[in-house]
Each structure stands twice: as structure tokens, then as C-alpha cells.
There are 2 protein chains.
Amino acid sequence: MKPSIPKGTRDFGPAEMARRNYIFDTIRSVYALYGFSQIETPAMENLSTLMGKYGEEGDKLLFKVLNSGDFLRGISPDQLAEASPALAAKLCEKGLRYDLTVPFARYVVQHHDELTLPFRRYQIQPVWRADRPQKGRYREFYQCDADIVGTDSLMCEAELMQIVDEVFHRFGIRVCIKINNRKILAGIAEKIGHADKIVDITVAIDKLDKIGLDAVCAELTEAGLPPAAIEQLQPIIACGGTSDEKLATMRRYFADTPTGLKGVDEVEHVLRTVGPLANAIELDLTLARGLNYYTGCIFEVKALDAAIGSIAGGGRYDNLTGIFGLPGLSGVGISFGADRIYDVLSELDLYPEATTTATQLLFVNFGEAEAAYALRTAAAARRAGIRTEVYPSAAKMKKQMQYANANAIPYVALAGEEEMAAGCLTLKDMQSGEQQRLTPEQLIAKLTQPAAQQV
Amino acid sequence: MKPSIPKGTRDFGPAEMARRNYIFDTIRSVYALYGFSQIETPAMENLSTLMGKYGEEGDKLLFKVLNSGDFLRGISPDQLAEASPALAAKLCEKGLRYDLTVPFARYVVQHHDELTLPFRRYQIQPVWRADRPQKGRYREFYQCDADIVGTDSLMCEAELMQIVDEVFHRFGIRVCIKINNRKILAGIAEKIGHADKIVDITVAIDKLDKIGLDAVCAELTEAGLPPAAIEQLQPIIACGGTSDEKLATMRRYFADTPTGLKGVDEVEHVLRTVGPLANAIELDLTLARGLNYYTGCIFEVKALDAAIGSIAGGGRYDNLTGIFGLPGLSGVGISFGADRIYDVLSELDLYPEATTTATQLLFVNFGEAEAAYALRTAAAARRAGIRTEVYPSAAKMKKQMQYANANAIPYVALAGEEEMAAGCLTLKDMQSGEQQRLTPEQLIAKLTQPAAQQV
């Protein structure tokens, strides 16, 4: 009987919204500090823009929007026999945004004439996926992406590392930034004589953390790699030490593999460019990242003090706009996982006290004449920037105080006959219980002090 | 060949986003100042939540989301014969949000246990309608709503009027606020002996502005009203003077019509409560507003200096949550039309200069060593809050300056060998062309001066 919302979706109430806005505002400020401009794209894209961009599985997970009007027009009874992807594409010419990267690529191609490259954009919008809902996985969630497109300068990778560092510094979350390079992975596949198996190799190696060395080798065998080739992977998998030591090891390993050497060079350049921040970045040769459009540096960020998987990630792609007819544009991007950051901040109790923009001052309503007096003083308080309410009816005092408590309103102003006659108010501090008689001017001065605004 | 987006949807580039954010932030701040808390609801609602809430026409205009997986399951070939609303409802169990009011009503009922009434919420989110796209009408657009639910106090109406006044004051848009009351309209229908024709009467009267008196009378005749009844409407339609004079006229007219008198009382109470603001509010007896869930005061806002229709509107509804099983909750709300406000601000050239959060300072890139020097200074500038970029590659000077111009970056820093040796930079003011040699500290001090930040 009670109404509900689709599974995998969420309502966000006032307290959650205040925290979410704190997350979005923090990321937004850092993006702006690095010269990124915001764009927004429509929730619905043409299905043709989205289909085929996320693999076969992705096509199934796209939410499709039924055509308006006669949605069966031009569809034969035969075609209506089976709920196929082809039929879905006929019934629906639009789909909901699945990520922010493909719409961005579409945007860059569509608006190419208006853009001055390199184009630095950020985008904070929801995306939708028909995934099976489970803990921490939603069918509607926000992505917070920044990309620089139109340059292959490795300075961009370095800047994204600095952005990651700055954002998590502001959040107070200690993180480990992992970096790797797709060219290193390609070099490895080449080196062991199985360049064609690069996808299998990266998918298997990526799981090392989770399933262990033996299971990874078993998976590689299953993928058709001979024991000798798997043997040759051991130095990579076992490669330890600092990032510098690993780079030196890989440089020797890749002596005759130019692709691999290029990857080593790129990572080294990025680490050199970021300066002291390099100490917080770990070269992880097993880092692969699922998305196949990456072609250069890739990175992933994990919280050190919470077991929650990656909370940010990204990488370089060399031809994302090619699918829309504009080849040759290189780009690099970063994406923050707002939902997981929300969970980490909650788990570690890291929200600043002042995330809320809730009411600071409530005027109790004692009746019509008193309410008129309260409204005038409330107007003055608002002019001074104090978030103010007047209780809308002359309900029982107890009820009005309960309202203040339930909404965590820190100050309540009372003005009955006596106060009105004296042109003043009684201000109650709801935390301490303390009461003070003040003129409207004194009240406003008190609540606009920096200390009071923190509440 | 070039990719596109669905008709009636829009991309928003950096310049538009800065302006839109200015609009949303302004409305948001004023809502917060009046003690409203933000919530967000999912883009997709169960179709059952949405269907039947917007009339038959509205049901057709709902965007429906195709079920995932076997979307034909349980549908017989017979049912597949015609693209009926019933079939659509079988193929789709979810739909896209059509407005913010129905999801809010659903939210209040679903979360009733967690809420302390009265509940003051605001919500700024996109909505989707499968309307025929035309100039100024989109299939995806933002609504900016605030509602107070759980009290019938007319103080809320007064507060919403103050919010309207404050928001448009901040925008610098001169407006006329029109108010009326559904009980006055009901009283009129009752008074002329045709209470059952209230919808026809309000729909016709609502058009007076557009189609004129004769056409309205013709429409009323067509609706089945006898000439005598239409004759009795004349004093209303012709009722002139100030709001106070109109109220006095209506009070006499309604001497024996309690419903109408109640409406007059309510409007009078609101005008009394808002104080001097009453001078900006006009009682317009022909204001009806389309939505049939309104039961008390209704209002609409028009820009005085732009011909663009209403830019905000709202009213009181007495039983919106009743459809979801929670009767007896009265609410009142206001909605700002962000797209039309955008157009008015553009037409009247009212955007403040500082709406942008674009880059303030670009470092020219002269090569690797110079870039390293620039990166260090850029880091210091960002720590001081200056939005800063370093051009990512050592492209030709002309190209880098073109980039600065195209992105309206006000300051460019140049540091070649000479500057590096001297530990300084040359700062170029892109508007005046003036150049100045400064230490990094002097540069940062200059750009963090309030005057520079306005740029």
C-alpha cells in the first residue's frame, strides 16, 4: 500500500543532501582551481550514441526509453516474437546516460567547432545502469568526472594526480594512488609472445589482489597461455620495491620491447612531474582497469583506512572521439566515486560539522500579534544572512520546541507580550539551555558572529 | 554523420553552466534563508506512482522506461496488437519524473515516520515530458520547487511571496506577483448557480488576457452556461481598482456565498501578513492556474520588462498526499522556471560579471624546464585559491595566447630563462595588454586582491 521507489534507486533526505553537497562542492572547487569548466549533457541520449560503447554486457545494462506515441509503428508481428536487443532498439530510440565519458566524447565531436583545444571539462551528473542492485551498487548514481581532451601531454596526468591528492586532502581521507600504463601491459603480452592475449592477461592479472597467484595462473592457462609464457610473467608479478626500483626492473625487462619501454618512460615522466607527491603514488604492475578504451597511464585510488575498493580512477585514452567520426584526439580523465567517498567519510566520521545549511533560528509563534512581531524580526535576521523560520501556527509551546529539536535548530527566539512591550526577544540556546534577553540588533549580531555560524 | 542529441534536449557548455549555476545558487540560497531543506528523489519512479496524476494528457507525456531483460514476459500476442497505454504500462514499470510535486508527495508519505511536520523542503532537479518540442519548451528541463507541507497556516503563503520578492530582487528582475484563490473561483461558480462547471469556468476565465472578453463568453456558452449565468460573471471580470478595492467588491458580491468569502479572507490575510510587499502583489480574479490540485491561494509571477509568460508560480493544495494513502495534509508550494528566468536575464543583460568560475591565470609553457618552474608557481597560486592552468605543451606562443583569449582568461604568466634566473615572472593583463615583472608572491598578492577576483 505504501508507495515505494524502483529498486536500486534512492531518495536523499536533508541530512544526506548536506553531506552529498559537501562532497560535490569539494570536488567541484578543486576542478575549478585547476581550470576545468563544467558542462552538462542530457539524461537521454540517442540509443545509437550509447549502443556498442560498453561491450555486449553494457548494451544489456542500458536503460531504454520507450518511444512516445505509436511505439509499435513499423514493427512486424515476427519481430515482436522475442524480447531481443534488436526489438528493444526498435521500441526505443533513446536511452539513459550510462556514464559521463561517452556523452563527453559525443559532446566534443558535436561541438568541435565551438571548442578551443585542449578542452578541460568537468561534469557531475547521475548515470543509470540496469545492474542487479546490491549493497553499494545502485541503478542511479552520480559520477564526478574531469577530462582534458586534445593534448597528449603527460603534464595532464600529473595534474590529475595533484587533483586526486588535493581532493582527498580536503576530505581528510588518507589514500594510496596506484599508477600503471597500458603500454606496459601491452609490452608484457608482447614480450611473452602473446600480444593477442592482452585482454585475457590484463583481466587475470587484475585479479591478483583478490584471488591470489595460483588462481591467476590457472586462469591464464585456461585462456590458452602455455606454461612457458606464464613462467615469463612471474618477474612482473613478483616485481617489488619502490616505484623507482620497479621502473628500473621493467626497463631491463623491456630492453627489446619498445612498447613496454614507452610505458615505463611515461610513468617515469609523470612521477618526475608531480614532485614530492610521487611518494604517495605506487607503480602497481598488476593494475589493469577494466575499460578497454585506455591506452596509456591508468590510475586508481584506494582509501588506506577503509576496506571499500577504489574510490577514484581514470586514465588516458587515445581515440575516444574516433567512434563519433573525429579521430586523433587524445584525452585523459579522472572520476571520483561519490557514493563510496560518502561511505568512507561516514565510516571514518570525517564530515566537518558545518556541512549543514539547515535553519539557525526559529521564532516561536504565540499568536497573531506576536507572529507579526516575529516576522518583522525574522526579516531583519534573514537580511543579515541568518537562516530563519517562524513557526507557522500558534501550536503548543512543547510542539514548537520539539520541532526545533527534531530539526537540530540551534537557537529559538521567544517574543511574547512582555518582550514586545520592551522591544526585545528572549533567545534560547538549545544546546546549553541558556536564555538571554536581547534586542533584535543584539540577537542578529550574536548569530552572525563566526562562532555562531559554525553551529 | 555528426552525432546529435534527442530533440527537445540540450547540452550546456561552460558559459551556459556558469549562468545556470548562478540562477540555481541564487534560488537555493534564498530557500535556505527561509529554512527549507534540500531533498532529491530518483529520476525514475514506479510508473504506478506517476500514472493518473497529471490527467489523461499527462499520462501520454510521461517518458516510460522499458523493463530490463525479458520485457515481453507475460504479454500475450493480442496485447501486442496495439500501442495502447495499457501495453506501455506492461512493457515499462518505471517512468521518468514529470514534475517535482508528485515525487515529493510520494516522498512525504513514504518517509512520514522520519519527518517532523511541518516539513519545508526544496528540490532542484530535471523533469522530463514528451511534449512536442518548440521554442522555449524542452523535453528535459529543471524545476526549482519549495513546498511546506503539514500546516494550513497562511503565513506560509506570505513567506512564499517574500521568497519570490527576494529571489527576483537578487536577480534584478522587476516583477508583478498575481494572486487569486481557488475558493474565490469556486464561490463564483456557486454564486452563478453552476458549481459543477467550475473547471470550465476557470479554464475560460484564465484565457481572458489572451483571447479577450467576447471569446471567453463564447467559450462559456459552448460549455453549456446560460446567458444569465455568463451575465453574472461580468462584475468579476470587470472588477478593477487596487487589490483592497477588489477585495471589498468581492466581499459584497459573496455576501451569501461562504466559500467565496473564505477565499477573500485568505487573500486578505496573506496581503496583510506580507506588509509593504502587498503593494507589489495584484489580486487577479481571472488567474486560475491549470493544475486541478490547487484548493486555496494561487499565484503567478510575470516579468515586467520581458514578454515571456509566467516565470514562477504556485499555490496551496489540500490533499496531495491523499492519493498515496495519507489524507489530511495541507501544503503550499512555489516553483521557479529556471529556463525562462535564464532567458529574461539574458534579454535584459542582468547577469553579474562574476558568474564565471573560469580560469584566472594561465602559465605559458616554453619547454620542459620552464614548465617545471611554472608548475611550482601554479601550485602556490592554487593554494592561494587562484584558478590556474599551465598550458600542457610547449606549443607556439601565438597558439597559447589564442587559447587564453578563447577562454577569456584575464591573466597570462610568462616565465622564460631570464625570469627563471631572476626568480620572477612576467604577468600580462590580457585586457589592457599591460605587462609587469613580479615575484611569485607579488603575483599571488595581485590576483587575490578583491578587484582581481571580480574579473
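Just above, that's the structure.
Residues numbered from 1 in each chain as written. Chains lettered and ligands numbered in written order. Predicted model: local features only at pLDDT ≥ 70, side-chain atom pairs only at ≥ 80, totals over all residues. Heavy atoms only, no water.

Caption draft 1: Here's a closer look at the overall build of chain A. Each helix and strand counted, chain A has 18 helices and 16 strands in total. On C-alpha atoms alone, chain A measures out to a radius of gyration of 28 Å, which is more than a quarter above the 23 Å that the 2.2 N^0.38 rule sets for 455 residues. Over its C-alpha atoms, taken along the principal directions, chain A stretches across nearly 95 × 65 × 45 Å. The burial tally for chain A puts 57% of its 455 residues in the buried class. Partitioning the contacts of chain A with sequence separation of at least 6, the portion at a separation of at least 24 is 68%. If you sum the accessible surface of chain A, you get close to 19,000 Å²; carbon and sulfur atoms cover 50% of it. (Helix = DSSP H or I, 4+ residues; strand = E, 2+ residues; numbered from the N terminus. Rg over C-alpha atoms; globule rule 2.2 N^0.38 Å. Buried < 20%, exposed > 50% of the residue type's maximum accessible area, 1.4 Å probe, protein only. Contact = heavy atoms within 4.5 Å. Areas by Shrake-Rupley, 256 points an atom, 1.4 Å probe, with all protein chains shown as cover.)

Caption draft 2: Summary view of the sheet that holds strand β11 (residues 331-337) of chain B. Residues and elements named next belong to chain B. Taken in spatial order, the 8 strands make up an open sheet running β1-β5-β6-β11-β10-β9-β7-β8, and their pairing is mixed. The two strands at the open ends of the sheet, each matched to only one other strand, are β1 (37-38) and β8 (281-283). Bridging between strand β6 (residues 140-149) and β11 involves 7 bridges; their strand directions are antiparallel. Each residue of the ladder has a partner; that of Asp145, found in β11, is Ser335. (Pairing = 2+ DSSP bridges.)

Caption draft 3: Region of interest: the relation of the copies chain B and chain A. Aligned on chain A, chain B shows an RMSD of 0.0 Å; the corresponding rotation is 180 degrees and the shift along the axis is 0.0 Å. Such values leave the two copies arranged in the relation of a two-fold axis. Judged by C-alpha distance, B:Val65 is the residue of chain B that lies nearest the rotation axis, at 2.2 Å. A symmetric contact is evident, with 100% of the interface residues of chain B recurring at the interface of chain A. (Least-squares fit on C-alpha atoms with pLDDT ≥ 70 in both.)

Caption draft 4: Looking closely at the packing of aromatic side chains. According to the stated counting rule, one finds 32 aromatic pairs over all chains in the structure shown. For the ring pair B:Tyr22 and B:Phe171, a centre distance of 5.7 Å and an interplane angle of 70 degrees mean the geometry is edge-to-face. Taken together, the residues B:Tyr22 in helix α1 (residues 14-33) and B:Phe171 in helix α6 (residues 155-171) connect sequence positions 149 residues apart. Here B:Tyr22 falls in the buried class, since its relative accessible area comes to 17%. With relative accessibility at 2%, the residue B:Phe171 sits in the buried group. Here B:Tyr54 and B:Tyr98 contribute two aromatic rings whose centre-to-centre distance is 4.2 Å and whose plane-to-plane angle is 40 degrees, an arrangement assigned as tilted. Residue B:Tyr54 is located in the loop between α2 (47-50) and α3 (55-61), and its partner B:Tyr98 is located in the loop between β4 (94-96) and α5 (101-110); the two are separated by 44 residues in the primary sequence. One exposure class covers both B:Tyr54 and B:Tyr98, and it is buried. The ring of A:Phe36 carries A:Arg120 above its face, with NZ or CZ at 4.8 Å from the centroid. (Phe/Tyr/Trp six-rings, centres within 6.5 Å; stacked < 30°, edge-to-face > 60°. Lys NZ or Arg CZ within 6 Å of the ring centre and 35° of its normal.)

Caption draft 5: Local environment of the sheet that holds strand β15 (residues 425-429) of chain A. Residues and elements named next belong to chain A. Strand order in the open sheet formed by 5 strands is β13-β12-β14-β15-β16, with mixed pairing between adjacent strands. Across the chains shown, the open sheet's two edge strands, defined by having one partner strand only, are β13 (388-390) and β16 (435-438). Between one strand axis and the next, the sheet turns by 25 degrees as a mean value, whatever way the strands run. In the sheet, strand β12 (residues 361-363) pairs with strand β14 (residues 411-414) via 3 bridges, with the strands oriented parallel. Its bridge partner being in β14, Leu361 is matched across the sheet by Tyr411. (Axes fitted to C-alpha atoms, helices over the stretch in contact; angles between N-to-C directions.)

Caption draft 6: Expanded view of the side chain of B:Glu159. Along the chain, the position of B:Glu159 falls in helix α6. Using a relative accessible area of 1% as the deciding quantity, one classes B:Glu159 as buried. Polar contacts involving the side chain of B:Glu159 include one to the side chain of B:Arg120, which spans 2.7 Å. For B:Glu159, the residues in contact, after removing those within four places along its chain, are A:Arg382, A:Val390, B:Tyr34, B:Arg120 and B:Ile148. (Polar contact = N/O pair within 3.5 Å; in protein donor to acceptor, adjacent residues only side chain to side chain.)

Caption draft 7: Broad picture of the interface of chain B and chain A. Contacts between chain B and chain A engage 92 residues on the former and 92 residues on the latter. Both sides together, the interface formed by chain B and chain A hides about 7,600 Å², and carbon and sulfur atoms give 62% of it. Joining chain B to chain A, the criterion identifies 8 salt bridges. One salt bridge in this structure joins A:Glu159 and B:Arg382, with 3.2 Å as the shortest N-O distance. Viewed at the interface, chain A and chain B are joined by 30 residue pairs in polar contact (both at pLDDT 80 or more). Looking at the side of chain B that touches chain A element by element, the count peaks at 5 residues for α1(B). Considering only residue class, the side of chain B that touches chain A consists of 45 nonpolar, 27 polar and 20 charged. (Buried area = accessible area lost by both parts, 1.4 Å probe. Salt bridge = Lys/Arg side-chain N within 4 Å of Asp/Glu carboxyl O. Nonpolar A, V, L, I, M, F, W, Y, C, P; charged D, E, K, R; others polar.)

Caption draft 8: Up close: the nonpolar core. Core analysis: the largest hydrophobic core is formed by 77 residues, its most contacted members being A:Ile23, A:Phe168, A:Phe171, A:Ile173 and A:Phe336. Among the elements that line this core, the one with the most residues is helix α6 (residues 155-171) of chain A, at 9 residues. In terms of nonpolar packing, the next biggest core, distinct from the first, is built from 76 residues, B:Tyr142, B:Leu285, B:Ala306 and B:Ile341 among them. (Core = buried A, V, L, I, M, F, W, Y, C linked by side-chain atoms within 4.5 Å.)

Caption draft 9: Seen up close, the pattern of salt bridges. Residues and elements named next belong to chain A. Evaluation of the coordinates by the stated rule reveals 52 salt bridges over all chains. In this structure, the salt-bridge partner of Asp196 is Lys197, at a minimum N-O distance of 3.8 Å. Taking relative accessible area as the criterion, Asp196 reaches 60% and is therefore assigned exposed. Residue classification places Lys197 among the buried residues on the basis of a relative accessible area of 18%.

Caption draft 10: Main features of the pairing of β16(A). Residues and elements named next belong to chain A. As defined by bridge partners, β15 adjoins β16 across 4 bridges and the pair is classed as antiparallel. By the bridge assignment for β16, Thr426 is matched with Arg437. Counted between consecutive antiparallel strands, the loop separating β15 from β16 contains 5 residues, among which Gly433 sits at a positive phi close to 85 degrees.

Caption draft 11: The arrangement of the environment of B:Ala394 in detail. Residue and element names in this part refer to chain B. In this fold, Ala394 is placed in the loop between β13 (388-390) and α15 (397-406). Between the C-alpha atom of Ala394 and that of Phe366, which follows or precedes it by 28 residues, the distance is 5.1 Å. Contacts of Ala394, omitting those with residues within four sequence positions, involve Asn365, Phe366, Gly367 and Gln400.

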